[in-house]
Structures are given as C-alpha cells and as structure tokens.
Amino acid sequence: MGTQISGWSFFSNSLVDELGDTRVHLCDEECKDCVDYDVLVKAIEKELSAAVEELKKSLCKISDFSMEKFRERPDDTLIKHFCGCCWEQCPFCGAVCTNSQNDHPGNHHADFHCTSGMNGMYYRSTTEFFIDFCTTAVASDKCFYSSSESRASFCFKKYKKAGGKYEKWNISTDLSELAYWKWFVCEFQENLEKHHNKGFYGKGEIPDNWKNYKQSDAVESLEIW
C-alpha cells in the first residue's frame, strides 16, 4: 500500500507543470486508501469531465483564446518546428522534403510528387510543359537535361548520375499520381502558363481524363495520406 501511494505521488509530482497539483483533486473519501485501478480511473474521469466542461464554457469562440493561456505561443511553436525542418525541393517537381530534421542524414525524400510542369519543367527548344509526375518519369526511358545550359542529357531511370541536387534525392518508382495535382493543373492552368510563360499543349497537353476530376475527388485523394 505504501509503495502504491509513493508511486502515485511521484507520478503526480511529475505532472505538476502540465496539469497542476493532481493530488488536490484526488484526495477525497472515494480515493482514500484506493488500491483498485478501476476506481481510480473512474475518479480521474469524473474530475477530467468537469474540467473539460469548464474549459468549453470559457472557450466558446476564437476571441476567447489569448496568448496568456498558452505555456508557449503557438506561433513560436510552429516557427521552431518548421525552422528545424528540411526545406530542400525535388529538382524535378519542387516537392519539399518531408524530413523533419534540417541537415538530416541520408537523401531527401517526399511522400508524394506532382507533375514536373508545375515547377516549370519543359521540353527543350519548345514552350511545351513536361507534365509527367516524377514517380512516373523515373520509371521511364525518357531523358532530361540537368540545367537549361547543359548539353548532356541523362536518363530519368539513372537521374542520380546527373550529380549535384539530383544525387541527393530518393524518388520512388511507384507510379503514384495524386488526383489532387491533376485537378490543380486543370483548375489553375492559365495561372501556371502565365507564371512560367509555357503552355499545356503539344507534348505537354493535359490528358482528357485529368479534366474529369472534381474538387471533391482532389480533396478525397489528400485524405488517404
């Protein structure tokens, strides 16, 4: 019994900074000499339910949230998190590396890629977008130039041979093509063409089946990740 009380006191003390002094709420008659785990759980649930209801009443609308109520400002938390993340972009489509650590070991990686045309990639000597998804391109025998000035071309299957930023990325050949990006290209076609001064025609013409995607399809495809 003494050991159990000592253990609970140690546990309570370790949570003081997060939850306050929990011993104040669990020292009434129903918890006195409590050795039954189920009884203890019910007592905690009772106290937590009351605390949650009180919290709901005090936070009915966005304006009720004040910075003083946070142990750390939410914007500071986000800044610390994202400033420590890796922001390297895929050399083909511009997808951001999903590693949460800056200067992380190993190569860069993205959970999913988009069409390379969104990053301004185009067929040399034309103004036609290259619209293949990276994950599809690296499984093909198509070739690319590592820069607009480069005279040497490289096979997508062996893209790392291009060196530099290319060899620092791992791009899977799973042929995954997120419906969201297909819908996005169709929805913002004019914006993309104006921004990159290129067009979705010729080799870069948007496939007809891409135009069948609705916004609901785009949103649904994001929810599977």
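- Per an unreviewed UniProt entry, the chain goes by the name Interferon-induced very large GTPase 1-like and belongs to Ictalurus punctatus.

### Topic: the overall build of the chain
Thinking step 1. The helix and strand tally for the chain stands at eight helices and two strands.
Thinking step 2. Scanning the chain from its N terminus toward the C terminus, one meets helices and strands in the order α-α-α-α-α-β-β-α-α-α.
Thinking step 3. For the chain, the share of sequence-separated contacts (at least 6 apart) that also reach a separation of at least 24 residues comes to 49%.
Thinking step 4. For the chain, the computed accessible surface area is about 15400 Å², with 53% contributed by carbon and sulfur atoms.

### Quick look at the packing of aromatic side chains
Thinking step 1. Across all of its chains, the model carries 17 aromatic pairs by this definition.
Thinking step 2. On the numbers, 6.1 Å between centres and 75° between planes, the contact of Phe92 with Tyr159 is edge-to-face. One end of the pair, Phe92, is in the loop between α4 (74-83) and α5 (134-137); the other, Tyr159, is in the loop between β2 (153-155) and α6 (179-187), and 67 residues separate them in sequence.
Thinking step 3. Through a chain of ring-to-ring contacts, three or more aromatic side chains come together here, namely Phe92, Tyr123, Phe130, Phe144, Phe154, Phe156, Tyr159 and Tyr166.
Thinking step 4. The ring centre of Tyr145 lies 3.6 Å from the NZ or CZ of Arg124, which sits over that ring.
Thinking step 5. If you follow Lys198 out to its NZ or CZ, it ends over the ring of Tyr122, 4.5 Å from the centre.

### Thoughts on the layout of surface pockets
Thinking step 1. Empty space within the largest pocket amounts to approximately 480 Å³.
Thinking step 2. Along the wall of the largest pocket there are 18 residues; nearest its centre are Gly120, Met121, Tyr122, Tyr145 and Ser147.
Thinking step 3. Broken down by class, the residue content of the lining of the largest pocket amounts to eleven nonpolar, five polar and two charged.

### Some details on α6
In an α-helix, one full turn covers 3.6 residues, which means residues spaced three or four apart are oriented alike.
Thinking step 1. Taken together, the buried positions of α6 are Ala179, Trp181, Lys182, Trp183, Phe184 and Val185.
Thinking step 2. Lining the buried residues of α6 we find α7 (189-196) and α8 (215-223).

### With respect to the confidence of the model for the chain
Thinking step 1. Predicted confidence across the chain gives a mean pLDDT of 82, with 79% of residues reaching 70 or more.
Thinking step 2. In this model, residues 1-5 is a region of pLDDT below 50 whose contacts with residues beyond four sequence positions or in other chains number four contacts.

### Focus: the pattern of salt bridges
Thinking step 1. Under the defined criterion, the tally for this structure stands at four salt bridges.
Thinking step 2. When the shortest N-O distance is used, the salt bridge between Glu177 and Lys182 registers 3.1 Å.

### What about the side chain of His113?
Thinking step 1. Tracing the backbone through its elements, the reader meets His113 in the loop between α4 and α5.
Thinking step 2. With relative accessibility at 2%, the residue His113 sits in the buried group.
Thinking step 3. Contacts of His113, omitting those with residues within four sequence positions, involve Cys90, Cys93, Ala95, Phe133, Cys134, Thr135, Trp169, Ile171 and Trp181.

### Observations concerning the packing of α6 against α8
Thinking step 1. It is at 7 Å that the axes of α6 and α8 come closest, and there the two elements cross at 145°. The crossing of α6 and α8 is left-handed. For the pair α6 and α8, contact is made by Ala179, Tyr180 and Trp183 and by Gln215, Asp217, Ala218, Ser221 and Leu222, respectively.
Thinking step 2. Of the residues belonging to the contact of α6 with α8, the class tally is five nonpolar, two polar and one charged.

### A look at the nonpolar core
Thinking step 1. Counting 34 residues, the largest nonpolar core has Cys90, Phe92, Phe144 and Ile171 as its most contacted members.
Thinking step 2. Among the elements that line this core, the one with the most residues is α6, at four residues.
Thinking step 3. With sequence-adjacent residues up to four places away left out, Phe144 is seen in contact with Phe92, Met121, Ala152, Ser153, Phe154, Cys155, Phe156, Tyr159, Ala162 and Tyr166.

### Looking at unusual backbone geometry
Thinking step 1. Phi is positive for Ser125, close to 65°, though the residue is something other than glycine.
Thinking step 2. Unlike most non-glycine residues, Asn197 shows phi in positive territory, near 55°.
Thinking step 3. Mapped onto the fold, Asn197 is located in the loop between α7 and α8.
Thinking step 4. On the basis of relative accessible area, Asn197 is assigned to the exposed category, the value being 62%.

Analysis parameters
- Residues numbered from 1 in each chain as written.
- Predicted model: local features only at pLDDT ≥ 70, side-chain atom pairs only at ≥ 80, totals over all residues.
- Heavy atoms only, no water.
- Helix = DSSP H or I, 4+ residues; strand = E, 2+ residues; numbered from the N terminus.
- Contact = heavy atoms within 4.5 Å.
- Areas by Shrake-Rupley, 256 points an atom, 1.4 Å probe, with all protein chains shown as cover.
- Phe/Tyr/Trp six-rings, centres within 6.5 Å; stacked < 30°, edge-to-face > 60°.
- Lys NZ or Arg CZ within 6 Å of the ring centre and 35° of its normal.
- 1 Å grid on protein atoms, 1.4 Å probe; cavity = no way out; pocket = protein on both sides within 12 Å on 5 of 7 lines; lining within 4 Å.
- Points joined across faces, edges and corners; volume = space filled by probe spheres on them.
- Nonpolar A, V, L, I, M, F, W, Y, C, P; charged D, E, K, R; others polar.
- Buried < 20%, exposed > 50% of the residue type's maximum accessible area, 1.4 Å probe, protein only.
- pLDDT = per-residue confidence, 0-100.
- Salt bridge = Lys/Arg side-chain N within 4 Å of Asp/Glu carboxyl O.
- Axes fitted to C-alpha atoms, helices over the stretch in contact; angles between N-to-C directions.
- Left-handed = near helix turned anticlockwise from the far one by under 90°.
- Core = buried A, V, L, I, M, F, W, Y, C linked by side-chain atoms within 4.5 Å.

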